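What follows is each chain in one-letter form.
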Amino acid sequence: EDVRPRGGEGADRRRAVSLELSACTDGELAALTLAGRQAAFAEIMRRHQEPVYRLIRAHIGDAEEALDLTQECFASAFQNLPRYDGDRPLAAWLARVAINKSRDWHRRRRIRQILSFASSLPPETMESEWDEAPGADAVTFDRAELVRLSRAVSELPATLKETLLLRTVEGLSEAETAAALGISGKAVEMRLRRARAKLSKIFDFA
């Protein structure tokens, strides 16, 4: 007589599936996920969640925020899995997603800080935030102007906005910005000038 608890067959089946997935490579798990087998992505998360969390935590320095960003990272990875090359290491691909999420977090925090506190900063501090615009004078913004600035920046063409944010918010050098955008250093300078020219129509930076 079978004396196994009720539902034992289902539990055995789940254990068998788990063992089967644990024997798969990352590339195979990605392919299974794309084929609609969600348990395969759960196995990917089981394998990589801890290292992804450690990377994000080290990048942003906030344990609680790192937990949320880790979840965002895997949600983004799931959505973008069709772009993953199964012949390449999944760990490296996930690390790139994690780094991008961490950079986004830093960028959002930096923008919030600028919008919330810039009006109380000494002029030389505000100047350091925007000194990438050649010849720009130090400007003291009040909160209303900062809101207008945020809106104005958001309405810039993507090429100008990305260049401006990478240089002034992300803090990348001209060479790093050029490499990130796949353009020349001269193009970075030109885009910064164009972005400043558009913003100067509103804020009279010149």
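Every value quoted in this text rests on a predicted model; they were computed, and no experiment measured them. (Residues numbered from 1 in each chain as written. Predicted model: local features only at pLDDT ≥ 70, side-chain atom pairs only at ≥ 80, totals over all residues. Heavy atoms only, no water.)

**Remarks on the overall build of the chain**
Here is step 1: Counting secondary structure elements, the chain contains 10 helices and 0 strands.
Here is step 2: Starting at the N terminus and ending at the C terminus, the chain contains elements arranged as α-α-α-α-α-α-α-α-α-α.
Here is step 3: Split into buried and exposed, the 206 residues of the chain put 33% on the buried side.
Here is step 4: Here the contacts in the chain between residues at least 6 apart in sequence split such that 52% fall between residues at least 24 apart.
Here is step 5: For the chain, the accessible surface area stands at approximately 12,600 Å², while carbon and sulfur atoms represent 51% of it. (Helix = DSSP H or I, 4+ residues; strand = E, 2+ residues; numbered from the N terminus. Buried < 20%, exposed > 50% of the residue type's maximum accessible area, 1.4 Å probe, protein only. Contact = heavy atoms within 4.5 Å. Areas by Shrake-Rupley, 256 points an atom, 1.4 Å probe, with all protein chains shown as cover.)

**Digging into the packing of aromatic side chains**
Here is step 1: Across all of its chains, the model carries 3 aromatic pairs by this definition.
Here is step 2: Between Phe41 and Phe74, the aromatic rings sit 6.4 Å apart at their centres with planes inclined by 75°, giving edge-to-face as the arrangement. Placement of Phe41 in helix H3 (residues 38-60) and of Phe74 in helix H4 (residues 63-79) is noted, with a sequence separation of 33 residues between them.
Here is step 3: By relative accessible area, which is 8% here, Phe41 ends up buried.
Here is step 4: When the centroid spacing of 5.1 Å and the interplanar angle of 70° are considered together, the rings of Phe41 and Phe78 count as edge-to-face. Taken together, the residues span a long stretch of sequence, with Phe41 in helix H3 and Phe78 in helix H4 at a distance of 37 residues.
Here is step 5: Residue Phe78 is classed as partly exposed on the basis of its relative accessible area of 40%.
Here is step 6: Pairwise contacts between aromatic rings join Phe41, Phe74 and Phe78 into one cluster. (Phe/Tyr/Trp six-rings, centres within 6.5 Å; stacked < 30°, edge-to-face > 60°.)

**Topic: the layout of surface pockets**
Here is step 1: Taken as a whole, the largest pocket encloses approximately 280 Å³ of empty space.
Here is step 2: What lines the largest pocket is a set of 11 residues, among which Asn100, Arg103, Arg107, Leu166 and Ala180 lie closest to the centre.
Here is step 3: Sorting elements by how many residues they give to the lining of the largest pocket places helix H5 (residues 90-117) first, with 4 residues.
Here is step 4: For the lining of the largest pocket, the per-class residue count stands at 5 nonpolar, 1 polar and 5 charged. (1 Å grid on protein atoms, 1.4 Å probe; cavity = no way out; pocket = protein on both sides within 12 Å on 5 of 7 lines; lining within 4 Å. Points joined across faces, edges and corners; volume = space filled by probe spheres on them. Nonpolar A, V, L, I, M, F, W, Y, C, P; charged D, E, K, R; others polar.)

**Quick notes on the environment of Arg196**
Here is step 1: Inspection of the secondary structure assignment puts Arg196 in helix H10 (residues 185-203).
Here is step 2: A residue is classified by how much of its surface remains accessible, and Arg196, at 18% relative accessible area, is buried.
Here is step 3: On a C-alpha basis, the gap between Arg196 and Leu164 in space is 8.7 Å, while along the polypeptide they are 32 residues apart.

**Focus on the packing of helix H2 (residues 26-34) against H3**
Here is step 1: For the pair H2 and H3, interaxial distance at closest approach is 8 Å and the crossing angle is 145°. Crossing geometry of H2 relative to H3 is assigned as left-handed. Listed contacts from H3 to Asp26, Leu29, Ala30, Leu32 and Thr33 of H2 are Ala40, Phe41, Glu43, Ile44, Arg47 and His48.
Here is step 2: For the contact of H2 with H3, a count of residues per class yields 6 nonpolar, 2 polar and 3 charged. (Axes fitted to C-alpha atoms, helices over the stretch in contact; angles between N-to-C directions. Left-handed = near helix turned anticlockwise from the far one by under 90°.)

**Details of the environment of Glu162**
Here is step 1: Inspection of the secondary structure puts Glu162 in helix H8 (residues 158-168).
Here is step 2: Sequence separation between Glu162 and Leu192 is 30 residues, and the spatial gap between their C-alpha atoms is 9.8 Å.

**Observations concerning a negative patch on the surface**
Here is step 1: Residues Glu64, Glu65, Asp68 and Glu72 make up a contiguous surface patch of negative charge.
Here is step 2: Relative to the elements of secondary structure, Asp68 occurs in helix H4. (Patch = residues over 30% accessible without salt bridge, like charges linked within 9 Å, V, L, I, M, F, W, Y side chains within 5 Å. Salt bridge = Lys/Arg side-chain N within 4 Å of Asp/Glu carboxyl O. Lys, Arg positive; Asp, Glu negative; His and termini not counted. Charge placed at Lys NZ, Arg CZ, Asp CG, Glu CD.)

**Overview of the pattern of salt bridges**
Here is step 1: For the structure shown, the criterion picks out 4 salt bridges.
Here is step 2: Among the ionic pairs, Asp26 bridges to Arg47, the shortest N-O distance being 2.9 Å. Of the two residues, Asp26 is situated in helix H2 and Arg47 in helix H3; the sequence distance between them amounts to 21 residues.
Here is step 3: Take Arg47: its relative accessible area is 24%, and that puts it in the partly exposed class.

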